[in-house]
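The lines below spell out each chain.
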Amino acid sequence: MTTFDEILEEAGNFGRCQKRIFALLCMVSLPFSGVYVGIVFQGFTPEHWCQDSGVSQIRQSCGWSLMDTRKITVPLVNTSGVLVHSQCEQYDLDWNNTGLTCDNLESDLNDAHRSKAPMTSCKEGWEYDYEGRQSFVTEFDLVCNDAWVVDMYQATLNAGFLVGIYFAKKRSFLMSNLLNGVAGILVAVAPNYISMLVFRTIFGFAVKGGWMSVYVLITELVGVEYRRMVGVLLQMFFSVGILILTLIAYLITDWRWLQVAFTVPYFIFLSYFWLIPESPRWLLSQNNSTKAKEITEAIAKENKKTLSKNIDTLRDDNAQTSTASFLDLVRTPNMRKHTFILMFNWFTSAIVYQGLIMRVGIAGGNVYIDFLISGLVEFPAAFLILFTIDRIGRRLPFATANIVAGVSCFITAMIPDSHFWVKTVVACIGRLCITMAFEMVVFVNTELYPTFVRNLGVSVCSTLCDIGGIVAPFLLYRLATIWLELPLIIFGAIAFVAGGLVLLLPETRGIRLPETIDDIEFPNRHKENQPKSQQLTNLLPTDMTTNKETTIV
């Protein structure tokens, strides 16, 4: 019997066919960035204050600008020791009957008078300083008491991720893209925020399954030595999508059309039905060896390779002889330790990564420039990972990335706004490191579980990523109303703890993947067996050690 990995050696581990498919599938990561972090632009909350029809009439008659009107007619409130214009309260006055004129209104409405004037909550909606742009916040007036709906926009997406499922097959990928397109358009035409949140949940359900199917499909089509590289580079294209999103968001001023812009590509991806093959591994797992052989032969032909007759004995090399359960992840000490540490790291990575990106929208700077810089600093993460993991190992870079991200969050929170560029540089270091940690947790997770429970382990641990995504917007937006930098303190604390916990995990560089729970629980015995096996191999006659290779040839 011949495994698919052995046949793939003959067909080409990463030949022209796989490179073509990889290039096509990388395109799927581009619109996913809009889905995942588009809230920065779609849910942007600009400066706002209460709308008053009486004030509007005075503004027209006096020829004031919008900002002049706010300065004169909007009450000041004390926020964290600083006087700012109120966003949720207005003077309870009949402005047409004050007896004040345009010339003396500002001078006569002095501080003493302002302090005695009755105030009330906004009654006629809000005015927004947004230069002709429109987010769903400004359209549905999701400010003050309704500001929590903005949190729900991101939380419902992650709730959809949480219940979303994926399969390593082309048909599931195509069905997911069809649902992505339909749900995305429904979000764009939603008549109110309740229906918007419902459609957003469906969107999350579909898009997570589609993206994960892409990840699994490409890693199954390439040789073992290329899997980590294509996985990391696939995630890097998400960063490319962030840069493209910045430009599109700058050019498209309405959140609904922005939604359409990153939804349309999912309809285009339906053409992949004719451009990418089914996963031969999945076909083998479904006992469809005939179709698997046909696709493998097509891959070899495009790669200009010739297959041996061993393909006639192709079998499923992923067949599992043991049934995995959740108890296998927590029953024994080391498995339990790995599970809880990995779950916490998935949770932390999601909160800090999403939190730092969404913070761009409330930090007060130019949201487009800040978001662009935020996307650019992600690129070195992939190269640092590829450079360090086979030279230094997994544990130290993984832990360092978390710890440095945590420290950067602490320092950023303490730097005053007057030192803008210093604060920006430190924040960028934090973004770079949490991106690196987020990308590393994916493959570190797979290396710390035995074969029969590996898929279940990754599935269970990564569930905490979606839960972290649900928590992140509430943690950011609600705590920021108390103190803008408070979320950074929380992000720093959990990232620092996550990095410390990673140091408790074993190093997996140069260690073959575990096959049983005993390999996890007794790692020293596992390491000792490797040199002993090599010694035994050296003692065997040459013709015995090369017998398998000779047979294949």
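Definitions and cut-offs
Residues numbered from 1 in each chain as written. Predicted model: local features only at pLDDT ≥ 70, side-chain atom pairs only at ≥ 80, totals over all residues. Heavy atoms only, no water. Helix = DSSP H or I, 4+ residues; strand = E, 2+ residues; numbered from the N terminus. Buried < 20%, exposed > 50% of the residue type's maximum accessible area, 1.4 Å probe, protein only. 1 Å grid on protein atoms, 1.4 Å probe; cavity = no way out; pocket = protein on both sides within 12 Å on 5 of 7 lines; lining within 4 Å. Points joined across faces, edges and corners; volume = space filled by probe spheres on them. Nonpolar A, V, L, I, M, F, W, Y, C, P; charged D, E, K, R; others polar. Disulfide = S-S within 2.5 Å. Polar contact = N/O pair within 3.5 Å; in protein donor to acceptor, adjacent residues only side chain to side chain. Contact = heavy atoms within 4.5 Å.

Q: Explanation requested: unusual backbone geometry in the structure shown.
A: Most peptide bonds adopt trans geometry, and most residues besides glycine take a negative phi value. Notably, C144 is not glycine yet its phi reads approximately 55 degrees, a positive angle. Relative to the helices and strands, C144 resides in the loop between α9 (136-140) and α10 (148-163). A relative accessible area of 24% means that C144 is categorised as partly exposed. The phi torsion at K304 lies on the positive side, around 60 degrees, for a residue other than glycine. If you trace the backbone, K304 turns up in the loop between α17 (289-302) and α18 (327-330).

Q: It is not clear to me how the layout of surface pockets should be interpreted in this structure. Could you clarify?
A: Rolling a probe over the atoms, with the probe sized like a water molecule, indicates the empty space that remains. There is about 1800 Å³ of room inside the second largest pocket. Contributing elements (two or more residues each) for the lining of the second largest pocket: α4 (39-42), β1 (47-50), β2 (76-79), β3 (82-85), α10, α20 (367-376) and α24 (454-480). Across the lining of the second largest pocket, the residue classes break down as 26 nonpolar, 13 polar and eight charged.

Q: Just checking my understanding: could you explain the state of the cysteines for this structure?
A: Here a disulfide denotes one covalent bond, and it connects the sulfur atoms of two cysteines. All chains considered together, the criterion is met by two disulfides. With a sulfur-sulfur separation of 1.8 Å, C50 is cross-linked through a disulfide to C122. With the S-S dihedral at roughly -65 degrees, the linkage between C50 and C122 falls on the left-handed side. On the criterion of sequence distance, the pair formed by C50 in strand β1 and C122 in the loop between β5 (119-121) and β6 (126-129) is long-range, its members being 72 residues apart. Owing to a relative accessible area of 8%, C50 belongs among the buried residues under this scheme. C122 sits in the buried class, given a relative accessible area of 16%.

Q: Help me out: how do you make sense of the side chain of N180 in this one?
A: Along the chain, the position of N180 falls in helix α11 (residues 170-188). Owing to a relative accessible area of 1%, N180 belongs among the buried residues under this scheme. A distance of 2.9 Å separates a polar side-chain atom of N180 from the backbone nitrogen of V207. When sequence neighbours within four positions are dropped, the list of residues in contact with N180 reads F203, A206, V207, T263 and Y266.

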